Amino acid sequence: MLDFLATIGRVIIAFLVTTGRLSLFTAQAVGHCVRPPFFFRLILRQMVEIGYYSLPVVGLTTIFSGMVLALQSYTGFARFSAEGAVATVVVLSMTRELGPVLAGLMVAGRIGAAMAAEIGTMRVTEQIDALTTLSTNPMKYLVAPRLIAGLTMLPILVLVGDIIGIFGGYLISVYKLGFNAATYITKTFEYLETIDVVSGLVKAAVFGFLVTLMGCYHGYHSKGGAQGVGAATTNAVVSASILILVFNYFITELFFSR
Amino acid sequence: MTEAPKIELRDVHKAFGPKVVLDGLSLTVGKGESVVVIGGSGTGKSVMLKCVLGLLVPEKGSIKVDGQEVLGMDPAEREEVLRKFGMLFQGSALFDSLPVWENVAFGLIQGRRMERTKARDKAIEKLAQVGLGPEVGELSPAELSGGMQKRVALARAIAAEPEIIFFDEPTTGLDPIMADVINNLIIKCVRELGASALSITHDMASARKIADRIAMIYKGKIVWQGPTKTIDQSGNPYVDQFIHGRAEGPIKMEVKV
Ligand SMILES: Nc1ncnc2c1ncn2[C@@H]1O[C@H](COP(=O)(O)OP(=O)(O)O)[C@@H](O)[C@H]1O
Ligand SMILES: [Mg+2]
């Protein structure tokens, strides 16, 4: 019985320690994001890495999601003769949900993992210590540029992804399901409101922050050589993915539950 | 009273959880002096250097740099003190995302806000000091051999002309000839800068060559120290065992099965 309580106690303490450490890390990192000096060269490099090089992955996932969405809702809605709603379903699902979540998860796999591996390697090979001895704050030099780039590039990436996804839905609807092109486009914009797009972009910014934060945090605290870096990479991707889905719910509730 | 020693560690304690690594370590390095700390692997030599640099925080004790207590300093002051230091890391710790010249110039560009073109000239000059041509500057660290990486790391450590330089196992993993080249470079660079040096090694040939004074660390304490030439007559069983590399003696290797 006592053993059991001790185990529970240990788990709770470990959880609180991790939460505290993560909060401290986040606060420090955000502090460095808003206080000069800024490393513009590094921010730019990270922006290209996150924004530009993720385009193919995000483009592919969103175009196929848009296509399948059109196909599914057409066949599903045919059961109660509501095929006309396909355009609206595609555009709302894409902008509100699928665009940000898919892009977030894809970037978590691509960027979160790469950041954890890079920073983790720098940690275990003492490169982070070397930064400090060369009068450079590693939080400012390594973490802040990545967070800034994640926060700003994901919304852009998602906007592009939204458009590609909606285009995918259009392709299937017009060329496969026989919708009239002009009507489909009109329908697409008929019920679309600003808040649908804006909520998606807010999600994207939050997801971008979470992915880069997890990548940096797990990399920064990795230890124990190659194995530790491997674990950090896995943890970064898993924790970022879970956080994305959790925050996705709460942001949706914030915007749309009334 | 003469002037304060460059570095003074007094009764420093550092443990990781239950594992005690430094257990009341005391050591001083005078101005312009080259002190070498010898000791087996895992005895806390690197931890000692990291405590002085503020990369690790000891639980107890005092560390003074130029007579100024550094433990408990606020980060801005600490950064000011760190500018006096150069450090050669055990594994070189070169930044592999940057070309060699930018590695060498890093402290000048980021730490001292020097212009890139000027810093680059300075880096080429420092590379020449460690016997590397300007063409090496364009390579990436991964393209260099271990010995060349050590030289680049040395150039980086001296680039900002520090008052105090730390060398963490500068010759470990190098062939004897390359090790001697590095030893000569260390002596030359330290002398040219008039810097104080604190090195750690378990390579006795290297220790004898670069040290004015040698100290031996064992179980988190300094168990012997004295001028380099007295080491063979130390009369200390730990030192004797270590310099002759004998398995039998007071030093027990923790070999767990
Ligand atoms: N950050 C750390 N966390 C936990 N243990 C550490 C850490 N750094 C060093 N140690 C432990 O401290 C001991 C001394 O390490 P170190 O100073 O690197 O030895 P060496 O004398 O070979 O340089 C080792 O047993 C190592 O496991
Ligand atoms: Mg060591």
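Just so you know, these numbers come straight off a predicted model, no measurement behind them.

### Let's talk about the overall build of chain A
Here's step 1: Along chain A, the regular secondary structure elements total 9 helices and 0 strands.
Here's step 2: Each helix and strand of chain A, ordered N terminal to C terminal, gives the series α-α-α-α-α-α-α-α-α.
Here's step 3: With respect to the principal axes defined by its C-alpha atoms, chain A has extents near 65 × 55 × 35 Å.
Here's step 4: Long-range contacts, defined as pairs at least 24 residues apart, comprise 85% of the intrachain contacts of chain A with a sequence gap of at least 6.
Here's step 5: Put simply, chain A shows about 12,600 Å² of open surface, and 72% of that area lies on carbon and sulfur atoms.

### Section: the sheet that holds strand E5 (residues 68-69) of chain B
Residues and elements named next belong to chain B.
Here's step 1: The 4 strands lie next to each other as E2-E1-E4-E5, forming an open sheet whose pairing is antiparallel. Only two strands of the sheet have a single partner each, and these edge strands are strand E2 (19-29) and E5.
Here's step 2: Taken together, the 2 bridges between strand E4 (residues 60-65) and E5 define a ladder with antiparallel strand orientation. The partner of Val 65 across the bridge, within E5, is Gln 68.

### Section: helix H9 (residues 225-256) of chain A
Residues and elements named next belong to chain A.
Here's step 1: Compared with an ideal rise of 1.5 Å per residue, which puts 32 residues at 46 Å, H9 spans 46 Å between its outermost C-alpha atoms and is within 8% of the ideal.
Here's step 2: For H9, every residue scored as buried is listed here: Gly 228, Val 229, Ala 232, Thr 233, Ala 236, Ser 239, Ala 240, Ile 244, Asn 248, Ile 251 and Phe 255.
Here's step 3: Structurally, H9 contributes buried residues whose contacts are with helix H4 (86-124) and helix H8 (194-220).

### Section: the confidence of the model for chain B
Here's step 1: Taken over all residues, the pLDDT of chain B has a mean of 88, while the share at 70 or more is 97%.
Here's step 2: Two numbers describe this predicted complex: its pTM, 0.89, and its ipTM, 0.89.

### Looking at the coordination of the magnesium ion (ligand 2)
Residues and elements named next belong to chain B.
Here's step 1: Taken together, Ser 46 (OG) and Gln 90 (OE1) make up the full set of protein donors to the magnesium ion (ligand 2), lying 2.0 to 2.4 Å away. Linking Ser 46 in helix H1 (residues 45-53) with Gln 90 in the loop between strand E6 (85-88) and helix H3 (100-111), this pair joins segments that are 44 residues apart in sequence.
Here's step 2: The exposure class of Ser 46 is buried, given its relative accessible area of 19%.

### Digging into the sheet that holds strand E8 (residues 196-201) of chain B
Sheet strands line up and pair through hydrogen bonds in the backbone, either parallel or antiparallel.
Residue and element names in this part refer to chain B.
Here's step 1: Spatially, 6 strands are ordered E6-E7-E8-E3-E9-E10 in an open sheet, and the strand pairing comes out mixed. Two strands lie at the open edges of the sheet, namely E6 and strand E10 (221-227), each paired on one side alone. With direction set aside, neighbouring strand axes in the sheet form an average angle of 15 degrees.
Here's step 2: Relative to strand E7 (residues 164-168), E6 runs parallel, the two being bridged by 4 bridges. Within E7, the residue paired with Met 87 across the bridge is Phe 166.
Here's step 3: Packing of H1 onto the sheet brings it into contact with strand E3 (34-38), E6, E7, E8 and strand E9 (213-218), and relative to E8 it is tilted by some 150 degrees.
Here's step 4: Contacts between helix H8 (residues 237-244) and the sheet are confined to E3, E9 and E10, with E9 contributing the most and set at about 100 degrees to the helix.

### Let's talk about the interface of chain B and chain A
Here's step 1: If you look at the interface, chain B gives 23 residues, while chain A gives 17 residues.
Here's step 2: Taken over both partners, the interface formed by chain B and chain A buries close to 1,800 Å², and the fraction arising from carbon and sulfur atoms is 58%.
Here's step 3: Two residues, Lys50(B) and Asp129(A), come together in a salt bridge whose shortest N-O distance is 3.7 Å.
Here's step 4: For the side of chain B that touches chain A, the secondary-structure elements that each account for two or more residues are H1, helix H2 (75-82), E6 and H3 of chain B.

### A look at the site of ligand 1
All names here are of chain B.
Here's step 1: All residues in the neighbourhood of ligand 1 are listed as Phe 16, Lys 19, Val 21, Gly 40, Ser 41, Gly 42, Thr 43, Gly 44, Lys 45, Ser 46 and Val 47.
Here's step 2: Contact between ligand 1 and Ser 46: an oxygen atom at 2.6 Å from a side-chain N or O atom of the residue.
Here's step 3: Val 47 has a polar backbone atom sitting 2.9 Å from an oxygen atom of ligand 1.
Here's step 4: Contact with the protein chains removes 62% of the 560 Å² of surface that ligand 1 exposes when unbound.
Here's step 5: Counting only elements with at least two residues in the shell around ligand 1, the list comes to E2 and H1.
Here's step 6: Take the shell around ligand 1: its biggest share by element is 3 residues, from H1.
Here's step 7: Looking at the shell around ligand 1 residue by residue, the class counts come to 3 nonpolar, 6 polar and 2 charged.

### Considerations on the packing of helix H4 (residues 116-129) of chain B against helix H5 (residues 146-159) of chain B
How two helices sit against one another is set out by the angle between their axes and by the gap between those axes.
All names here are of chain B.
Here's step 1: For the pair H4 and H5, interaxial distance at closest approach is 9 Å and the crossing angle is 125 degrees. In terms of orientation, H4 lies oblique with respect to H5. When the axes of H4 and H5 are compared, the crossing they make is right-handed. Contact residues: Lys 122, Lys 126, Leu 127 and Gln 129 in H4; Val 152, Ala 155, Ile 158 and Ala 159 in H5.
Here's step 2: Taken together, the residues of the contact of H4 with H5 sort by class into 5 nonpolar, 1 polar and 2 charged.

### Section: H3(B)
Here's step 1: Here H3(B) contains 12 residues, and its C-alpha end-to-end distance of 17 Å stays within 8% of the 16 Å for a straight helix at 1.5 Å per residue.
Here's step 2: Taking burial as the measure, the 12 residues of H3(B) include 12 buried ones, the bulk of the element.
Here's step 3: Of the residues making up H3(B), those classed as buried are Val100(B), Trp101(B), Glu102(B), Asn103(B), Val104(B), Ala105(B), Phe106(B), Gly107(B), Leu108(B), Ile109(B), Gln110(B) and Gly111(B).
Here's step 4: In this structure, the buried side of H3(B) is in contact with helix H5 (127-133) and helix H6 (138-175) of chain A together with H4 and H5 of chain B.

Rules behind the numbers
- Residues numbered from 1 in each chain as written.
- Chains lettered and ligands numbered in written order.
- Predicted model: local features only at pLDDT ≥ 70, side-chain atom pairs only at ≥ 80, totals over all residues.
- Heavy atoms only, no water.
- Helix = DSSP H or I, 4+ residues; strand = E, 2+ residues; numbered from the N terminus.
- Contact = heavy atoms within 4.5 Å.
- Areas by Shrake-Rupley, 256 points an atom, 1.4 Å probe, with all protein chains shown as cover.
- Pairing = 2+ DSSP bridges.
- Expected span 1.5 Å × (residues − 1).
- Buried < 20%, exposed > 50% of the residue type's maximum accessible area, 1.4 Å probe, protein only.
- pLDDT = per-residue confidence, 0-100.
- Donors = N, O, S within 2.8 Å, 3.2 Å for Na, K, Ca; no water.
- Axes fitted to C-alpha atoms, helices over the stretch in contact; angles between N-to-C directions.
- Buried area = accessible area lost by both parts, 1.4 Å probe.
- Salt bridge = Lys/Arg side-chain N within 4 Å of Asp/Glu carboxyl O.
- Near = heavy atom within 4 Å.
- Polar contact = N/O pair within 3.5 Å; in protein donor to acceptor, adjacent residues only side chain to side chain.
- Nonpolar A, V, L, I, M, F, W, Y, C, P; charged D, E, K, R; others polar.
- Parallel < 35°, antiparallel > 145°, perpendicular 65-115°, else oblique.
- Left-handed = near helix turned anticlockwise from the far one by under 90°.

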